[in-house]
Amino acid sequence: MNDPTGSGLLDVARLRALLPGLGTAGLGSAAASGQPLRGKVLKLKLGFNPNSSSVGTTIVVFLWTLVASGAVLSLAAAVLAHRLSRKGRGAGAPS
Amino acid sequence: MSDRASGPAPGAPRWRYERFGAIIALDDPPILAHVDQELATDLGLPPSPLWTEPPREALEAPVEAHLTVTKRCNLACTHCYQESTPAAGATDLPLAEWLPRLDALARARVFHVAIGGGEALTRPDLLAIAEAARARGITPNLTTNGALVTPEFAARAATLFGQINVSIDALPPRHVFGVDKATPGMRAAAALVGAGARVGVNLVVARANFAAIGEVVAWAAAAGLVEVELLRLKPTGRARARYLEERLTREQRERLFPLALELATRHGIPVKLDCSAAPFVACHAPDRERMELFEVAGCIGGLSLLGVDERGRTSACSFYPGRGDDLVDLARGWQDSASYAPFRDYIAAAEEPCRSCAYLSTCRGGCRAVALFLTGRENAPDPECPRVEDDACARSSAAGAID
């Protein structure tokens, strides 16, 4: 299951260690992300920005390992797929 | 105008179309993802007519709006960019006039608002404003100095706001910017964490408190906070008066990024740098692809960020003057207002040394507010960028040699 190359197959435990704030992100199990996704995440912003005067960006991304970027983007794509299917694709959609 | 809940169910994914595909936002975990058209389709979103439009840098609407809901503050810090005082607030919009403006944000499918002031808790109807945002499918976040946080407020705020950042610029007994924000801020942070809120710290970094960053990060990690955001001092509002004496030194500017990484590693807590610090990151030549993927970005004013003052008037950024456009007219203003031109046109018109900088597209010339204050020009490169500073020195030396 360890595939940080972006194919959509994820080692959730490893990613949890990389991103403690993200956890399993509701995936529940690695099997939930087993279907490879087409297309890609272009940009990913983690966390909120409560500061009301400027925008903060999380520089800890520079501490992740070389393979982490692809893995994190894959996790994000899988999380989105999981959530959109679980909550219903119409949720929050443009009218 | 309505205050009825009309947004998506709490916790539901929210999304909107963009020319490149779509933006999808989750609150738990807090993710905001730009996805391409192929992934958007694979995720089940029907194709959009927008996908045939030519690409452009500015998004179709802001992702985030910064709302100054009051100019009033219980404190009067010397570096306040709003010039807030306990006596201010006469120009604040009442709740009833914020509602149609929140409707405008909801129609544009803005995902987040960051509520601040002044001190937002001086408004007795702050929670009503935040609830109105939630009801419209917008995640409210909050900045506070913490002095007015009560156990009752903490309990309600914990489930209402996505995250609350408390402003703490140094730990006691050290005072900076003329006030002790830390004592009430630390008490408030403890109350909010105890109530289950997601809490961070905003720390304005200046010459006098640079050496105090480490102790604030250590405290934040130990207190169960989720992040520390380091904000560069801006020459706006009262901060203009002493900006040249209080701004970071060249050595501190170059030290900020490696220091933030060291502290994040040592204490196990995410450390953020604000958008204005992008030149201080870029000068260390980090991985550009990683910067772009994770939006370690410079100025995004007028591209994905909107400032809104206490009268409901918009600007590209809270530190930069707007042109009087009202938020109720966001749909037109975002497309047409001249307010955003210095921000949106920066890359196309970039001067040297920005023009030839490998980080131009991510840094975008540093902070427009700093550049305007120090040069008087809207489109000047940020003079405090180490690269810009070196270039100016080289030009000055060359001119001197010619003379």
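If you're wondering where the values come from, they're calculated on a predicted model, not measured in any experiment.

Reading the values: rules and limits
Note that residues are indexed from 1 along each chain, following the sequence as it is written. Written order determines the labels here, with chains lettered from A and ligands numbered from 1. Only residues with pLDDT of at least 70 are given local features in this predicted model, and only at 80 or more are side-chain atom pairs given and counted; all residues enter the totals for whole chains, interfaces and linings. By definition, any uninterrupted DSSP run of H or I lasting at least four residues is a helix, any uninterrupted run of E lasting at least two residues is a strand, and each is numbered from the N terminus. Working definition of burial: number of other C-beta atoms within 10 Å of the residue's own, with buried at 20 or more, exposed at 12 or fewer, and partly exposed in between, all C-beta atoms being placed from the backbone. What counts as a contact is two residues whose backbone-derived C-beta atoms lie within 7 Å of each other. Two strands qualify as a pair provided that DSSP identifies no fewer than 2 bridges between them. Every crossover in which the path from the first strand over the helix to the second runs clockwise, viewed with the strands pointing away from the viewer, is termed right-handed. Each residue is assigned to one class: nonpolar for Ala, Val, Leu, Ile, Met, Phe, Trp, Tyr, Cys and Pro, charged for Asp, Glu, Lys and Arg, and polar for all the others, Gly among them. Working convention: axes come from line fits to C-alpha atoms, limited for helices to the stretch in contact. Angles between N-to-C directions cover 0 to 180 degrees. pLDDT is a per-residue confidence score from the predictor, ranging from 0 to 100. For each domain, the first and last residues come from an automatic or database assignment. Nonpolar cores are built from buried Ala, Val, Leu, Ile, Met, Phe, Trp, Tyr and Cys residues. These are joined into a set through C-beta atoms within 7 Å.

A look at the overall build of chain B
A count of helices and strands for chain B gives 15 helices and 12 strands. Taken along its principal axes, the extent of the C-alpha atoms in chain B is 70 × 60 × 40 Å. The 403 residues of chain B split such that 54% are buried. When contacts within chain B are restricted to residue pairs at least 6 apart in sequence, those whose partners lie at least 24 apart make up 69%.

Topic: the pairing of strand 5 (residues 112-116) of chain B
Residue and element names in this part refer to chain B. Taking burial as the measure, the 5 residues of strand 5 include 5 buried ones, the bulk of the element. Burial along strand 5 is two-sided: the residues H112, A114 and G116 and V113 and I115 are all buried. Relative to strand 5, strand 4 (residues 64-68) runs parallel, the two being bridged by 5 bridges. Considered in strand 5, the bridge of L67 is made with I115. With helix 2 (residues 95-107) bridging strand 4 and its parallel neighbour strand 5, the resulting β-α-β unit is right-handed. Direction of pairing for strand 5 relative to strand 6 (residues 139-144): parallel, over a ladder of 4 bridges. If you follow A114 over to strand 6, its bridge partner there is N141. As a crossover connection, the stretch from strand 5 through helix 3 (residues 126-135) into strand 6 is right-handed.

Looking at the interface of chain B and chain A
Interfaces are often sized by the accessible area lost when the parts come together. If you look at the interface, chain B gives 75 residues, while chain A gives 46 residues. No other element matches strand 3 (residues 30-36) of chain B, which puts 7 residues into the side of chain B that touches chain A. A class-by-class count of the residues in the side of chain B that touches chain A yields 43 nonpolar, 18 polar and 14 charged. As defined by bridge partners, strand 1 (residues 41-46) of chain A adjoins strand 3 of chain B across 5 bridges and the pair is classed as antiparallel. Within the sheet, the bridge partner assigned to V41 of chain A lies in strand 3 of chain B and is V35 of chain B.

Description of the sheet that holds strand 1 of chain A
Pairing in this open sheet of 4 strands is antiparallel, and the strands run 1(A)-3(B)-2(B)-1(B) from one edge to the other. The sheet terminates laterally at strand 1 of chain A together with strand 1 (14-18) of chain B, the two strands that pair on one side only. In this sheet, adjacent strand axes meet at a mean angle of 15° when their direction is disregarded.

Digging into helix 3 of chain B
All names here are of chain B. For helix 3, the set of buried residues is L126, I129, A130, A132, A133 and R134. Those residues of helix 3 hidden inside the fold are in contact with helix 2, strand 5, strand 6 and helix 4 (151-160). One or two residues past the end of helix 3 sits G137, with phi positive at roughly 80°.

A closer look at the confidence of the model for chain B
Any residue range with low pLDDT should be treated as having predicted coordinates unsuitable for detailed reading. Residue and element names in this part refer to chain B. Confidence along chain B averages 94 in pLDDT terms, with 98% of residues attaining 70 or more. Segment residues 1-5 is flagged for pLDDT under 50; beyond a separation of four residues in sequence, or across chains, it makes 8 contacts in the model. Overall fold confidence for the complex sits at a pTM of 0.91, while the interface term, ipTM, reaches 0.91.

What to know about the domain arrangement of chain B
All names here are of chain B. Domain boundaries in chain B define domain 1 (14-52), domain 2 (64-344) and domain 3 (360-402). Using only C-alpha atoms to locate each centre, domain 2 and domain 3 end up separated by 26 Å. Taken together, the contacts link 26 residues of domain 2 with 18 residues of domain 3. Contributions of two or more residues to the side of domain 2 that touches domain 3 are made by helix 8 (250-267), helix 9 (278-282), helix 10 (288-293) and helix 12 (341-344).

Focus: the nonpolar core
With 144 residues, the main nonpolar core has L44 and A76 of chain A together with L192, L203, L230 and V271 of chain B as its most contacted residues. Here L44 of chain A is in contact with V72, L73 and A76 of chain A together with I31, A33, L293 and F294 of chain B, once residues within four sequence places are set aside.

Topic: unusual backbone geometry
Residues and elements named next belong to chain B. The linkage connecting D28 with the following residue, P29, adopts the cis geometry, with an omega of 0°. Across the junction of G117 and G118, the peptide omega takes the value 20°, indicating a cis bond. Residue position: G118 is located in the loop between strand 5 and helix 3. If you check the backbone angles, R364 has positive phi at about 60° while not being a glycine. Relative to the helices and strands, R364 resides in the loop between helix 13 (360-363) and helix 14 (368-375). Using a count of 26 C-beta atoms within 10 Å as the deciding quantity, one classes R364 as buried.

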